[in-house]
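Structure assessment
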Amino acid sequence: MGRYAVRPSGPLCGRVRVAGATKNSGTKQMAAALLAPGVTTLRNMPRVRDLDVMAELMTALGAHVELVGTDEVRVDASGALVPEAPYELVSRIRASFNVLGPLLARCGHARVALPGGDNIGSRKVDMHLRGLAALGAEVGVEHGFVVARASRLVGTRLVLDFPSVGATENLMCAAVLARGTTVIENAAREPEVTDLAAFLDRMGGRVVGAGTSTIEIEGVDALVAAESEIMADRVEAGTLLMACGMAGGEIELVGTRFEHLELVAMKLCEMGMRVSATPDGMWAQAQGPLRAVDIATLPHPGFATDFMPIAVAMMSVAQGSAIVTENVYDGRFQFVDELRRMGADIHTEGRHAVVRGVERLSGAPVVASDVRAGAALVLAGLVAEGETVVYGTEHVERGYADLPGVLSALGADVERID
Ligand code: EPU
């Protein structure tokens, strides 16, 4: 198990490029590559752990995956596919469930393990299954596997109970090869959905409205392999903005898009930071203490749940008290115990956390329970007295290509110890 040693850091300073969103966008486009024979090339895909698992899964499904250089992935889905996704791989990363729609659409049947819950709460797939059934598939669950069949899906109007990112993506990928038109109402509006829709369009699909809550997909008979440049990771960008807020300083982020982080920027400004768009990314400055502000997570364009643990770490050293409400997951406050071990004053009750800012945290050995919890603990370490050792770095590395590296480039004292 790797660990990070984090020591108190002075103000951050510098300009860094934000990595590509391999975990939350790139892996979905790998799954979508199954829709067409030929070689798909995905760029701006830095090596994170979830990429390795997705590559293993694609290989098990009969595709050929090649990792080229430091950030290119090629997927060749020309050969015969084996539409069966094993539990050992699906249980490890959520994005793997995104192979269900493409496999069903291309092969006419699919058997994909049910993913189950994880360290942030129960993570159901009922909307994925109801949507596929409405598109005409025969869908059942047998021995822990989703089994779906349809000689060809038929377009229809779908209304999601909740704007689920995964369900929107899976259904979009299934509908792209369906007969007729599919409309997804209450669709997720996350930028990763738009990134995937643009890729499907480049493959010859006809997807209109991604980024709004109504997506219309006109089915086509076949798709072709295409190329894609994966969007910058907005969660990494937000993590760096918040690191600047906690440690102070002035940073510039290249490659990220302000509109992906609008509400985060607004909240950080309310806390006393200055954040603005630049021609090629974002700029942020933090001078003096932060003020606590209330936060409630919501689907995009609301305050994303993936920033919540990091925001709690920020509030724990801000002036005043904040109420943080988690509306997306039912178990995402596990990390709070670790922050408490560093001296944070946090009380949780169901979906709410009351965070009372303290003068200073104290460095301690802590364990990351998931990717964003790990990032929150690293950032807490930047403003804690003494050394913080963050264990469970394999979680952090699922989504961040090199968090210690990018923070160090901005002047933070963070080191990976093997
Ligand atoms: N949900 C259902 N039924 C469904 C689908 C979802 O009840 O059929 C519920 C889930 O249980 C959850 C909520 O809806 O409580 C949100 O789930 P959603 O489907 O929107 O999320 P996801 O696609 O499983 C992706 C990201 C998450 C991110 C969420 C929300 C990937 C691989 N994961 O998950 O990323 O939190 O969208 O933005 O893209 C992270 O990066 O730390 C992370 C957890």
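These numbers were taken from a predicted model, which means no experiment stands behind them.

Examining empty space enclosed by the protein
- All told, the structure shown has one cavity of 30 Å³ or more when counted by the stated rule.
- Taken as a whole, the largest cavity holds about 40 Å³ of empty space.
- Taken together, A21, K23, N24, E192, D233, R234, V235 and R372 form the lining of the largest cavity.
- Only helix 1 (22-32) and helix 8 (234-247) provide two or more residues apiece to the lining of the largest cavity.

Some remarks on the side chain of T325
- You can see T325 is positioned in strand 19 (residues 321-325).
- Among all residues touching T325, those that are not within four sequence positions of it are I295, A296, T297, R351 and H352.

So, the domain arrangement of the chain
- Each domain of the chain was delimited in the assignment, giving domain 1 (3-19 + 232-417) and domain 2 (22-229).
- One C-alpha centre belongs to domain 1, the other to domain 2; they are set 30 Å apart.
- Buried area between domain 1 and domain 2, both sides added, is near 2000 Å², and the carbon and sulfur share of it is 51%.
- Counting the surface domain 1 buries against domain 2, the share from its top three residues, H300, Y329 and R398, is 30%.
- For the pair domain 1 and domain 2, the number of links is three salt bridges.
- We note a salt bridge from R49 to E397, for which the minimum N-O separation is 3.4 Å.
- Linking domain 1 with domain 2 are 10 residue pairs in polar contact (both at pLDDT 80 or more).
- At the level of secondary structure, the elements contributing two or more residues to the side of domain 1 that touches domain 2 comprise helix 12 (371-382) and helix 13 (393-396).

Structural notes on the site of the ligand
- In the region of the ligand, 24 residues are neighbours, and K23, D126, S164, D306 and V328 sit closest.
- At a separation of 3.3 Å, an oxygen atom of the ligand approaches a polar backbone atom of K124.
- Burial of the ligand by the protein chains amounts to 91% of its free accessible area of 830 Å².
- Elements that contribute at least two residues to the shell around the ligand include exactly helix 1, helix 5 (126-134), helix 6 (165-175) and helix 12.
- Among the residues making up the shell around the ligand, the classes are represented as eight nonpolar, six polar and 10 charged.
- Each of domain 1 (3-19 + 232-417) and domain 2 (22-229) contributes no fewer than three residues to the shell around the ligand.

Topic: the sheet that holds strand 17 (residues 281-286)
- On the basis of which strands lie adjacent, the open sheet formed by four strands has the order 2-15-17-16 and mixed pairing. Whereas interior strands pair on both sides, the edge strands pair on one side only; in this sheet they are strand 2 (12-17) and strand 16 (274-278). Across the sheet, the mean angle separating the axes of adjacent strands is 10° when strand polarity is ignored.
- Inspection of the sheet shows strand 2 paired to strand 15 (residues 249-254) by six bridges, in the parallel sense.

Notes on the layout of surface pockets
- Considered as a void within the structure, the second largest pocket measures approximately 350 Å³ in volume.
- The leading source of residues in the lining of the second largest pocket is helix 8, at three residues.
- Residue composition of the lining of the second largest pocket, by class: nine nonpolar, six polar and two charged.

Quick word on helix 8
- In this model, helix 8 (14 residues) spans 20 Å end to end at C-alpha, consistent with the 20 Å of a helix rising 1.5 Å per residue.
- With 14 of its 14 residues buried, helix 8 lies for the most part within the structure.
- You can read the cap of helix 8 off the contacts: a side-chain oxygen lies 2.8 Å from the backbone nitrogen of V235, and it is on D233.
- One or two positions beyond helix 8, positive phi appears at G248, with a value near 85°.

Some points on unusual backbone geometry
- At the junction of H300 and P301, the peptide bond is cis and its omega measures out at 10° in the coordinates.
- Summarising the element assignment, P301 is placed in the loop between strand 18 (295-296) and helix 10 (308-315).
- Its identity is not glycine, yet N44 carries a phi of approximately 60°, on the positive side.
- Of note in the backbone geometry, H143 takes a positive phi value of approximately 50° without being a glycine.
- Note that H143 resides in the loop between strand 8 (138-142) and strand 9 (145-149).
- Taking the relative accessible area as the measure of exposure, H143 reaches 78% and is therefore exposed.

Overview of the sheet that holds strand 8
- Strands sit in the order 6-7-9-8 across an open sheet of four strands; the sheet is mixed. Two strands bound the open sheet, and with one partner strand each, they are strand 6 (84-85) and strand 8.
- Both strand 6 and strand 7 (residues 109-113) contribute to a ladder of two bridges, which runs parallel. Its bridge partner being in strand 7, A85 is matched across the sheet by V112.

Focus on the packing of helix 8 against helix 10
- Where helix 8 meets helix 10, the closest approach of the two axes is 10 Å, and the angle between their N-to-C directions is 5°. One element, helix 8, and the other, helix 10, form an angle in the roughly parallel class. On helix 10, the residues touching T239, M242, G245 and M246 of helix 8 are I310, A311, A313 and M314.
- Looking at the contact of helix 8 with helix 10 residue by residue, the classes come out as six nonpolar, two polar and no charged.

Focus: the side chain of E326
- Take E326: it is sitting in the loop between strand 19 and helix 11 (336-341).
- Looking at E326, its side chain comes within polar contact range of the side chain of T305, at 3.0 Å.
- Looking at E326, its side chain comes within polar contact range of the main-chain nitrogen of Y329, at 2.9 Å.
- Those residues in contact with E326 that lie beyond four places of it in its chain are T297, T305, M308, R332, F333 and R351.

What counts and how
- Residues numbered from 1 in each chain as written.
- Predicted model: local features only at pLDDT ≥ 70, side-chain atom pairs only at ≥ 80, totals over all residues.
- Heavy atoms only, no water.
- 1 Å grid on protein atoms, 1.4 Å probe; cavity = no way out; pocket = protein on both sides within 12 Å on 5 of 7 lines; lining within 4 Å.
- Points joined across faces, edges and corners; volume = space filled by probe spheres on them.
- Helix = DSSP H or I, 4+ residues; strand = E, 2+ residues; numbered from the N terminus.
- Contact = heavy atoms within 4.5 Å.
- Domains from an automatic or database assignment.
- Buried area = accessible area lost by both parts, 1.4 Å probe.
- Salt bridge = Lys/Arg side-chain N within 4 Å of Asp/Glu carboxyl O.
- Polar contact = N/O pair within 3.5 Å; in protein donor to acceptor, adjacent residues only side chain to side chain.
- Near = heavy atom within 4 Å.
- Areas by Shrake-Rupley, 256 points an atom, 1.4 Å probe, with all protein chains shown as cover.
- Nonpolar A, V, L, I, M, F, W, Y, C, P; charged D, E, K, R; others polar.
- Pairing = 2+ DSSP bridges.
- Axes fitted to C-alpha atoms, helices over the stretch in contact; angles between N-to-C directions.
- Expected span 1.5 Å × (residues − 1).
- Buried < 20%, exposed > 50% of the residue type's maximum accessible area, 1.4 Å probe, protein only.
- Parallel < 35°, antiparallel > 145°, perpendicular 65-115°, else oblique.

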